[in-house]
Amino acid sequence: MLAESLYRLGATVAVYEPDPQAPLCQRTRYVTNAAWNDIEALRKFSQQCSRVTYEFENVESEPLQCMEFQLMPSMAVLAVAQHRAREKRFLRENGLPHVAFAEHVPDHPAILKTVRGGYDGKGQMRWTPGETPLSGPLVAEEIIDIEVEASCIVARSKTEEGVFPVFENEHRNHILDTTLVPASLPDEVLAAVQDVARETARKLDVTGLLTTEFFLTRHQPRRSPALQVDDWYLMVNELAPRPHNSGHVTRQACTFSQFDALARILLDVPLGQPRLLPGVWGMGNLLGEVYGTRSKLDLTPWAEHPTVREVCLYGKTQPRAGRKMGHFIVHGESRTAGLAEIAAFRAALTKT
């Protein structure tokens, strides 16, 4: 999706990816298939590129030293965001609202997370004393009575800063299920979320995108230094210095998408401020479960669902449970209508 935005601005795209079957490897001419820690291959790849970015942070940062001055966001940003303990320390040291944490197994119930490698619910557990904890280095977080999960994407070039609207996210089995925008939160809370996201990106000195994920509750946490706005308490959960799954909705919901924003930053094109288009927009993920035993999805039901503005299949060849195979975006007049259409369209795809 980022490549599409870059192509529209006349750029040439090269991809570094260990898996030769990865979707972009099938769609671009300049491909390097090598391991993440192959320093010589990384060096040769960097020589092809004027700018380099990454689509996820679970890569070893040390081998990327050879392209440090090309990398957006920077090595320093990646080093913080890919390590949960460093990430939590950064939030604490900069006075940003966050979930209380410790870097050891506590004597009370907590959420335990590995410091590296976890995503979509992997590498974490709800733990109580007496159970076997996760192995290896970890962080233990206070259990929060979460009422709303939200995310906010900040785009920063060397001279401009753009903030996307706040997305409201619902997860199923720890995997993002739906995203709605605008989020159903008071205006004062939405403004506070954007302010914290903006301040976080500034403190990290991000050039590129930074997605800040938030927990919001109306029950004051016992330990966490939350930001109170009216009767809401908000805390930063995690950071992602890249395009984010929740931000896929911007491909239809905003005047330009998160991918367009990053493409402009990479190519030194003026950024501007993204604006939300009228109505309610919803994004639903398509996981491998929707495919059932099929290898290809039948999109016949799309003709019967005119509020579905986009179906995007990623070109992954092997559907499996929990694997993100694509997404779709709906447009409605209300939150209720948007959620109903997401459920109806996903069910229709599953039945065909």
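If you're wondering where the values come from, they're calculated on a predicted model, not measured in any experiment.

Chemist: Got a minute to help me understand helix 9 (residues 335-351) in this structure?
Modeler: Note that an α-helix has 3.6 residues per turn; residues three or four places apart therefore point the same way. Here helix 9 spans 25 Å end to end across 17 residues, near enough to the 24 Å set by a 1.5 Å rise per residue. Looking at helix 9, one finds that the buried residues are Gly338, Glu341, Ile342, Phe345, Arg346 and Leu349. In a view along the axis of helix 9, the buried residues occupy a sector of 125°, so they form one face of it. Opposite the buried face of helix 9, at more than 90 degrees from it, the exposed residues are Thr336 and Lys351. Contacts made by the buried residues of helix 9 are with strand 10 (175-181), strand 14 (280-287), helix 8 (288-291), strand 15 (308-313) and strand 16 (324-332).

Chemist: Mind showing me how you'd approach the sheet that holds strand 6 (residues 138-141) here?
Modeler: Each strand in a sheet pairs with its neighbour through backbone hydrogen bonds, running either in the same direction (parallel) or in the opposite one (antiparallel). Spatially, the 4 strands line up as an open sheet ordered 3-6-4-5, and their pairing is antiparallel. The open sheet terminates on both sides in strands that have one partner only, identified here as strand 3 (101-102) and strand 5 (124-127). Two strands pair when backbone bridges link them, and strand 4 (residues 110-114) and strand 5 are joined in this way by 4 bridges, in the antiparallel orientation. Within strand 5, the residue paired with alanine 110 across the bridge is tryptophan 127.

Chemist: How should I be thinking about the packing of aromatic side chains in this particular structure?
Modeler: Aromatic ring pairs are defined here through the distance separating the ring centres and the angle between the ring planes. For the structure shown, the criterion picks out 5 aromatic pairs. Look at tyrosine 16 and phenylalanine 45: their rings are 5.5 Å apart centre to centre, the planes differ by 70°, and that puts the pair in the edge-to-face class. Here tyrosine 16, found in strand 1 (residues 14-16), pairs with phenylalanine 45, found in helix 2 (residues 39-48); they are 29 residues apart in sequence, far enough to count as distant. Geometrically, the ring pair formed by tryptophan 36 and phenylalanine 56 is tilted, given 5.9 Å between the ring centres and 55° between the ring planes. Of this pair, tryptophan 36 sits in the loop between strand 2 (30-32) and helix 2 while phenylalanine 56 is found in the loop between helix 2 and helix 3 (75-81), placing the two residues 20 residues apart along the sequence.

Chemist: Sorry, what's going on with the layout of surface pockets here?
Modeler: Where empty space is left in the structure can be found by rolling a water-sized probe over the atoms. Of the voids in this model, the second largest pocket is the one considered here, and its volume is about 230 Å³. Listed by contribution, the elements that provide at least two residues to the lining of the second largest pocket are strand 10, strand 14, helix 8 and helix 9. The element best represented in the lining of the second largest pocket is strand 10, accounting for 3 residues. Of the residues contributing to the lining of the second largest pocket, the split by class is 4 nonpolar, 4 polar and 4 charged.

Chemist: How should the nonpolar core be read in this particular structure?
Modeler: The nonpolar side chains of soluble globular proteins are, as a tendency, buried together. Within the largest apolar cluster, 44 residues are counted, with the highest numbers of intra-cluster contacts made by Leu64, Leu185, Val193, Leu204, Phe214, Leu216 and Leu234. Looking at this core, the elements that each hand over two or more residues are helix 2, helix 3, helix 4 (84-93), strand 7 (148-156), helix 5 (187-204), strand 11 (208-217) and strand 13 (232-240). By residue number, the principal contributor to this core is helix 5, which donates 8 residues. Not counting residues up to four positions away in its chain, the partners in contact with phenylalanine 214 are Val148, Glu149, Ala150, Cys152, Val193, Val196, Ala197, Leu234, Met235, Val236 and Asn237. Ile153, Leu176, Leu209 and Cys254 belong to the second largest nonpolar core, which has 27 residues in total.

Parameters and conventions
Residues numbered from 1 in each chain as written. Predicted model: local features only at pLDDT ≥ 70, side-chain atom pairs only at ≥ 80, totals over all residues. Heavy atoms only, no water. Helix = DSSP H or I, 4+ residues; strand = E, 2+ residues; numbered from the N terminus. Expected span 1.5 Å × (residues − 1). Buried < 20%, exposed > 50% of the residue type's maximum accessible area, 1.4 Å probe, protein only. Arc of directions from axis to C-beta. Contact = heavy atoms within 4.5 Å. Pairing = 2+ DSSP bridges. Phe/Tyr/Trp six-rings, centres within 6.5 Å; stacked < 30°, edge-to-face > 60°. 1 Å grid on protein atoms, 1.4 Å probe; cavity = no way out; pocket = protein on both sides within 12 Å on 5 of 7 lines; lining within 4 Å. Points joined across faces, edges and corners; volume = space filled by probe spheres on them. Nonpolar A, V, L, I, M, F, W, Y, C, P; charged D, E, K, R; others polar. Core = buried A, V, L, I, M, F, W, Y, C linked by side-chain atoms within 4.5 Å.

Everything listed here is a matter of geometry and, on its own, says nothing about what the molecule does.
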